[in-house]
Amino acid sequence: MKVWGDYACFTRPEMKVERVSYDVMTPSAARGILEAIYWKPAISWKIDRIHVLNPIKFDNIRRNEVNSKIPASNVKSALKGGEVSLHLDPNDDRVQRASLVLRDVCYCIEAHFEMTKEAGPDDTPEKHYNVALRRMRKGQCFHHPYFGCREFPVNFEFVEGEIPGSYYTGKNGGEKDLGFMLYDIDFADDMKAIFFRANMVDGVIDLERCLAYGGVS
Amino acid sequence: MIIQSLCRYYDILKDDPAVEISEYGSSNAKVSFVFVLSPEGELNNIVALGSDDARLRFQLMDVPMQESRSGKNPPPYFLCDNAKYVLGVEWLKKADFQKKYPSAANGENPSGCTVLEENEKGTLLVHGPSEDRFQAFKGLHHEILDGTNIPAVASLLTFLDAWNPETALDHPKIQDYKDDIFTGGNVIFECEGAYLHKIPAIRALWESHYARESAKDEQISQCLVTGNAEPVARLHQKIKGVTGAQSSGASLVSFNADAFESYGKGQSYNSPVGTLSMFKYTTTLNHMLASERNRIRIGDSTVVYWAETSNSSCEDLAGFFFNPPKGKENENGITEGEDDSRIRDAKTIRQMGDILNKVRRGRHLNRDDLGTDADTKFFILGLAPNNARLAVRFWYVDIFGEFIEKIARHYLDMEIIRDDFGSPFVTPYQLLKETSPKSADRKEASPILGGLLMRSILNGTGYPVQMYSAILSRVKVERSINYARAGFIKAYLLRQSRSGSSPLKEELISVKLNEENPDVPYRLGRLFAVLEKVQSETNKNMGSTITSKYFSSASTTPAVVYPVLLKLAQHHIAKSDWGFKTTQSIEEILSGVDAFPEYLTLEEQGMFMLGYYHQRKANYSKKNEKAVEEE
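Residues numbered from 1 in each chain as written. Chains lettered and ligands numbered in written order. Predicted model: local features only at pLDDT ≥ 70, side-chain atom pairs only at ≥ 80, totals over all residues. Heavy atoms only, no water.

Topic: the overall build of chain B
Inference 1: Within chain B, the secondary structure is distributed over 21 helices and 15 strands.
Inference 2: Pairs at least 24 apart in sequence give 70% of the contacts found in chain B among residues at least 6 apart.
Inference 3: Carbon together with sulfur atoms contributes 48% to the accessible area of chain B, which is approximately 28,100 Å² in total. (Helix = DSSP H or I, 4+ residues; strand = E, 2+ residues; numbered from the N terminus. Contact = heavy atoms within 4.5 Å. Areas by Shrake-Rupley, 256 points an atom, 1.4 Å probe, with all protein chains shown as cover.)

Examining the sheet that holds strand β5 (residues 90-93) of chain B
Residues and elements named next belong to chain B.
Inference 1: One open sheet holds the three strands; their spatial order is β5-β7-β6, and the pairing between them is antiparallel. Bordering the open sheet on either side are β5 and β6 (113-118), each of which pairs with just one other strand. Across the sheet, the axes of successive neighbouring strands diverge by a mean angle of 35°, strand direction being ignored.
Inference 2: Inspection of the sheet shows β6 paired to strand β7 (residues 122-127) by five bridges, in the antiparallel sense. Counterpart to Val 115 in the pairing with β7 is Leu 125.
Inference 3: The strands touched by helix α4 (residues 128-145) within the sheet are β5 and β7, with β7 carrying the most contacts at an inclination of about 55°. (Pairing = 2+ DSSP bridges. Axes fitted to C-alpha atoms, helices over the stretch in contact; angles between N-to-C directions.)

Here we look at the environment of B:Ala595
Residues and elements named next belong to chain B.
Inference 1: Mapped onto the secondary structure, Ala 595 falls in the loop between α20 (579-590) and α21 (602-622).
Inference 2: Ala 595 sits in the exposed class, given a relative accessible area of 52%.
Inference 3: Separated by 75 residues in sequence, Ala 595 and Val 520 place their C-alpha atoms 9.1 Å apart. (Buried < 20%, exposed > 50% of the residue type's maximum accessible area, 1.4 Å probe, protein only.)

A look at the pairing of strand β7 (residues 192-201) of chain A
All names here are of chain A.
Inference 1: Where burial is concerned, most of β7 is hidden: seven out of the 10 residues are buried.
Inference 2: Pairing analysis gives 10 bridges linking strand β6 (residues 175-186) to β7, with the strands arranged antiparallel. If you follow Ile 185 over to β7, its bridge partner there is Ala 193.
Inference 3: Hairpin connection, β6 to β7: the antiparallel pair is bridged by five residues, and Asp 190 has positive phi, about 55°.
Inference 4: As defined by bridge partners, β7 adjoins strand β8 (residues 204-206) across two bridges and the pair is classed as antiparallel.

Notes on the confidence of the model for chain B
Residue and element names in this part refer to chain B.
Inference 1: Here chain B averages 77 in pLDDT, while 86% of its residues score no lower than 70.
Inference 2: Within the model, the stretch residues 327-344 combines pLDDT values under 50 with 44 contacts to residues more than four positions away or in other chains.
Inference 3: Reported confidence for the predicted complex is 0.77 by ipTM and 0.73 by pTM. (pLDDT = per-residue confidence, 0-100.)

Observations concerning the environment of B:Asp398
Residue and element names in this part refer to chain B.
Inference 1: Looking at the element boundaries, Asp 398 is found in strand β15 (residues 389-399).
Inference 2: Using a relative accessible area of 21% as the deciding quantity, one classes Asp 398 as partly exposed.
Inference 3: Separated by 20 residues in sequence, Asp 398 and Phe 378 have C-alpha atoms that sit 5.4 Å apart.
Inference 4: Setting aside residues no more than four positions away along its own chain, Asp 398 makes contact with Thr 376, Lys 377, Phe 378 and Lys 406.
Inference 5: Among the polar contacts listed, one links the side chain of Asp 398 to the side chain of Tyr 396, at a separation of 3.3 Å. (Polar contact = N/O pair within 3.5 Å; in protein donor to acceptor, adjacent residues only side chain to side chain.)

A look at unusual backbone geometry
Glycine aside, residues mostly have negative phi angles, and peptide bonds mostly take the trans form.
Inference 1: Residues other than glycine seldom take positive phi values, yet A:Asp104 does so here, at roughly 45°.
Inference 2: Looking at the secondary structure, you find A:Asp104 in strand β4 (residues 94-115).
Inference 3: Even without glycine at this site, B:Glu192 takes up a positive phi of about 50°.
Inference 4: Assignment of secondary structure puts B:Glu192 in the loop between β8 (186-191) and β9 (194-195).
Inference 5: With a relative accessible area of 60%, B:Glu192 lands in the exposed category.

Some thoughts on the interface of chain B and chain A
Inference 1: The interface is formed by 39 residues belonging to chain B together with 35 residues belonging to chain A.
Inference 2: For the pair chain B and chain A, the interface holds one salt bridge.
Inference 3: As a salt-bridge pair, B:Arg455 and A:Asp59 come within 3.6 Å of each other at their nearest N and O atoms.
Inference 4: Every element with two or more residues in the side of chain B that touches chain A is listed here: α1 (2-15), β10 (219-222), β15 and α14 (447-459) of chain B.
Inference 5: Within the side of chain B that touches chain A, the residues separate by chemical class into 22 nonpolar, 11 polar and six charged. (Salt bridge = Lys/Arg side-chain N within 4 Å of Asp/Glu carboxyl O. Nonpolar A, V, L, I, M, F, W, Y, C, P; charged D, E, K, R; others polar.)

Focus on the confidence of the model for chain A
Inference 1: Per-residue pLDDT for chain A has a mean of 84; in total, 96% of the residues score no lower than 70.
Inference 2: Within chain A, the lowest mean pLDDT, 73, falls on helix α4 (residues 207-213) of chain A, and the highest, 92, falls on strand β1 (residues 2-8) of chain A.

Okay, here's the thing in structure tokens:
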């Protein structure tokens with residue numbers, strides 16, 4: 001799957017208030033994009049490889065964001081029929097935040113899905129594969145996929161055959177260590193963040209290799 | 001990336017005996033006073049630290065870790081704290097005092113506090129909060145130090161136990177220093193010639209206490225710096241010394257509102273950084289921000305840079321490139337940078353010249369040019385404050401040789417004919433100042449420009465168009481162009497044409513006047529300079545000149561203005577002694593111009609300015625007289 005866009009912000013957790021993006025797309029962002037296109041409880045997407053096609057470029061912008069969230073307790077009491085207001089007034093609650101974001105990104109995502117416990121008797125891998133394939137080819141999605149922030153929409157296209165070459169192929173010995181990067185959130189274990197050592201070879205981050213290399217708790 | 005590199009640099013600095021940097025469990029603090037205790041626990045003497053210079057009444061010292069304090073009951077620090085904690089006495093400004101104790105405004109003695117002294121500025125008092133703090137301070141020291149038999153400890157504890165905040169001013173020594181001691185400066189203790197916090201046995205006690213405390217309420221999680229599962233810091237130390245941020249420091253990593261938190265996590269658990277890594281990166285950053293050598297200011301950002309080596313020559317050379325030494329006194333309307341005290345280092349200037357020459361000829365820089373390994377990793381981090389937080393403006397990593405090459409390329413592109421006086425290099429800081437009005441109260445460039453400019457310099461890409469148009473409009477409004485502005489216009493156009501995004505040819509954008517240049521806007525710019533000259537020759541004292549009336553429109557809509565200007569010029573030429581020569585040069589300049597364009601694009605306006613600047617420079621240098629710059 002080829003995805004591209006003008007802006008992207010894969011916020012680093014350590015710099016998440018005044019946002020600073022990772023150098024490249026995180027696996028969880030890639031998963032998010034695939035899930036926007038096709039997802040069912042019966043399947044779970046696993047990212048295999050991320051190809052970084054464009055050079056990594058940064059830009060800084062400022063955006064108006066809000067300072068607070070609607071408290072979950074308010075939502076709960078509203079569900080029970082309580083009289084609470086469920087809104088945020090961005091005019092009262094504005095905060096300007098600076099972001100260091102990526103410009104002109106283009107990636108190729110290689111992924112597969114695995115069947116989960118939720119799979120019923122009708123859920124065959126072939127069925128889901130074909131649905132996903134059809135949706136990707138047609139450019140259909142449940143909600144529009146985005147690069148890290150809703151403001152940065154993703155253009156996507158299904159790549160049949162050869163994956164385009166990367167800008168980084170053969171540069172600097174072809175290898176680039178990107179440090180520890182968020183792999184995903186472990187939703188089963190207290191939503192613990194999991195990090196992995198991202199290593200880019202010829203513009204390709206091979207997750208299986210990186211994960212095997214260690215660093216995941 | 002950023003935090004990781006800072007942590008690595010901490011390890012380098014720590015192994016370097018020439019650098020003083022805090023060890024784990026301690027931090028730097030501004031210490032103003034030493035309390036000298038007798039073995040019997042009496043306060044014998046008070047020594048004020050720091051120089052007599054009114055601004056610097058403290059000394060930076062390595063003291064037991066002082067974590068950032070906030071909230072209603074902030075914890076005391078160990079062996080180094082301010083008078084509120086050490087003595088239990090608080091100084092409140094008059095307004096604050098009256099806000100707290102409204103009854104005091106009526107001249108009554110408010111209940112709940114003891115006023116020690118009162119003057120028109122404020123009140124010195126002992127009250128609930130200050131007493132609580134003193135008790136907490138005493139408690140902490142008892143907790144850590146009880147059960148040891150170090151003589152100095154006994155003396156400190158005796159002093160604390162015997163101390164009564166309400167009689168603070170009865171002490172003659174405190175009376176002497178009362179104006180300074182209560183305003184927040186930190187106090188340390190000395191007994192028998194040694195600072196208490198430096199005594200190894202006490203340090204060991206503190207370290208074990210600190211390790212115990214920090215392990216107590218920590219969560220174990222995977223640290224995003226080291227990748228290992230370790231205790232995670234809940235709050236990060238504050239970063240001090242970023243221009244414009246709060247003086248108590250601002251946080252690089254912080255989560256001070258609901259909207260910043262996700263997945264039900266509080267505070268910095270949102271970003272698991274191990275306590276040790278947290279300590280390393282904050283300490284390194286504070287260390288660099290405190291030192292002159294690793295820090296510069298560009299626009300509103302404070303920039304630190306470092307090379308991943310203990311060899312400091314990289315940083316020195318980089319410092320020279322960021323903030324080149326100045327030549328003679330600068331009269332060209334360029335605002336001086338703030339660092340005027342920089343000593344000129346002839347050797348480094350020569351080295352810079354050599355490097356520029358090499359880059360001009362397209363050669364690679366080697367070890368001899370740089371005085372250090374060209375493959376050393378080099379980092380630049382631009383920070384800017386945003387409320388209580390710090391935002392990263394830009395972040396750059398490259399090998400050192402590459403970095404120097406990029407920045408040298410920038411200076412080469414900026415190169416332009418100029419007067420004999422003035423600095424040969426315009427620092428980015430000065431360049432940014434050129435975008436703001438000279439008359440403005442706050443001579444700050446737009447906050448976004450600093451980052452953009454630095455990024456284009458460091459990546460060797462085109463300059464930001466925002467910056468270009470800002471400079472153009474300054475030239476138009478102020479009707480004056482100096483070599484910093486002309487240099488930037490030239491550099492911008494040069495990079496535009498090099499990248500192919502502008503139809504201009506690279507060789508047409510020259511350092512000095514090129515009479516062969518057929519570019520129409522360039523010629524019109526030259527023509528304007530000639531017309532201006534003939535006018536000023538004819539009439540010496542004029543209120544309004546063609547420059548003040550027509551410069552802006554000539555550079556944007558020539559077709560409207562030039563016929564008028566040429567007609568006017570005829571009158572001047574008729575009166576001028578050099579009329580014939582002027583007519584000749586007008587003819588020569590206009591020989592390639594078939595028609596006056598209706599309007600000029602931004603790029604063409606730049607060419608116009610460049611032509612005007614070049615011609616002016618040529619006009620005056622030919623006659624070999626000092627250019628009378630600006631109106």
